[in-house]
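Descriptive structure summary
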Amino acid sequence: VTNAQAFTGQIAANLADVTSNAQSGSNAALSTAYTIPVNDAQTATAYRMTAWGDFHSASSGQGQVHWQVNVGSTSVASATLGGGWQAPGVSYEWVATVIVQWNTIGSSGNLTCCLQVTASEFNTVLGNTVTSTYGMAGGSSTNSISTQVANTYQLLGGWNNSASGQTIRCFGSVVERLGP
């Protein structure tokens, strides 16, 4: 399969631009919106996205940071990191792994999705060493999405409030097509 989104064989070769997103209660695009071509998905075809970036907590009134996966216009998975655990005014690195897999195809195609995000404190005082790691996973979900139309596949993110100084950025992302 080859298309404008760089799906050639099994691995895509394009990366997202850096996105800065100081949130006020809604999610915004973090990764590139990859296109899954019409009829590309077959039964058991999976698409794995890996994305990475950082976020910075507010000095006070830290909110919850939220990641969401969309296929087309449908939210198929999400994960939230609560506001109580973050140190005020600290930067964290994050890595997200998303897998969507079609179980059936056609106009009422059925897919499952799993989102896993890991966040680690980025300590500039100690020479950029990670001091704490926080793992989480958004539960998998099952959704009905047609494979007979092109669908975008994208990671979104943001904060649940508008505290001053909160940011979230994506430094890059890559998608791999796995299976038949």
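Criteria and thresholds
Residues numbered from 1 in each chain as written. Predicted model: local features only at pLDDT ≥ 70, side-chain atom pairs only at ≥ 80, totals over all residues. Heavy atoms only, no water. Helix = DSSP H or I, 4+ residues; strand = E, 2+ residues; numbered from the N terminus. Polar contact = N/O pair within 3.5 Å; in protein donor to acceptor, adjacent residues only side chain to side chain. Contact = heavy atoms within 4.5 Å. Salt bridge = Lys/Arg side-chain N within 4 Å of Asp/Glu carboxyl O. Buried < 20%, exposed > 50% of the residue type's maximum accessible area, 1.4 Å probe, protein only. Core = buried A, V, L, I, M, F, W, Y, C linked by side-chain atoms within 4.5 Å.

A word on the side chain of N151
- One can find N151 in strand 12 (residues 151–159).
- For N151, the side chain forms a polar contact with the main-chain oxygen of S146, separated by 2.8 Å.
- With residues up to four places along the chain from it excluded, the contact list for N151 reads Y34, T35, I36, V71, G72, I145 and S146.

Here we look at the pattern of salt bridges
- Under the defined criterion, the tally for this structure stands at 3 salt bridges.
- Put simply, D40 and R177 hold a salt bridge, and the shortest N to O gap is 2.8 Å. With D40 in the loop between strand 5 (34–36) and strand 6 (46–56) and R177 in strand 13 (residues 167–178), the pair connects residues that are 137 residues apart, well separated along the chain. For the pair formed by D40 and R177, the shared burial category is buried.

Here's the deal with the side chain of S31
- Relative to the elements of secondary structure, S31 occurs in the loop between strand 4 (28–29) and strand 5.
- On the basis of relative accessibility, which here comes to 5%, the residue S31 falls in the buried class.
- Polar contacts involving the side chain of S31 include one to the main-chain amide nitrogen of L155, which spans 2.9 Å.

Quick look at the nonpolar core
- In terms of nonpolar packing, the biggest core is built from 35 residues, with F55, W67, W94, L115, Y153 and L155 touching the most fellow members.
- Of all the secondary structure elements, the ones that give two or more residues to this core are strand 5, strand 6, strand 7 (65–71), strand 8 (74–81), strand 9 (91–104), strand 10 (110–123), strand 12 and strand 13.
- Here the element with the most residues in this core is strand 9; it accounts for 6 residues.

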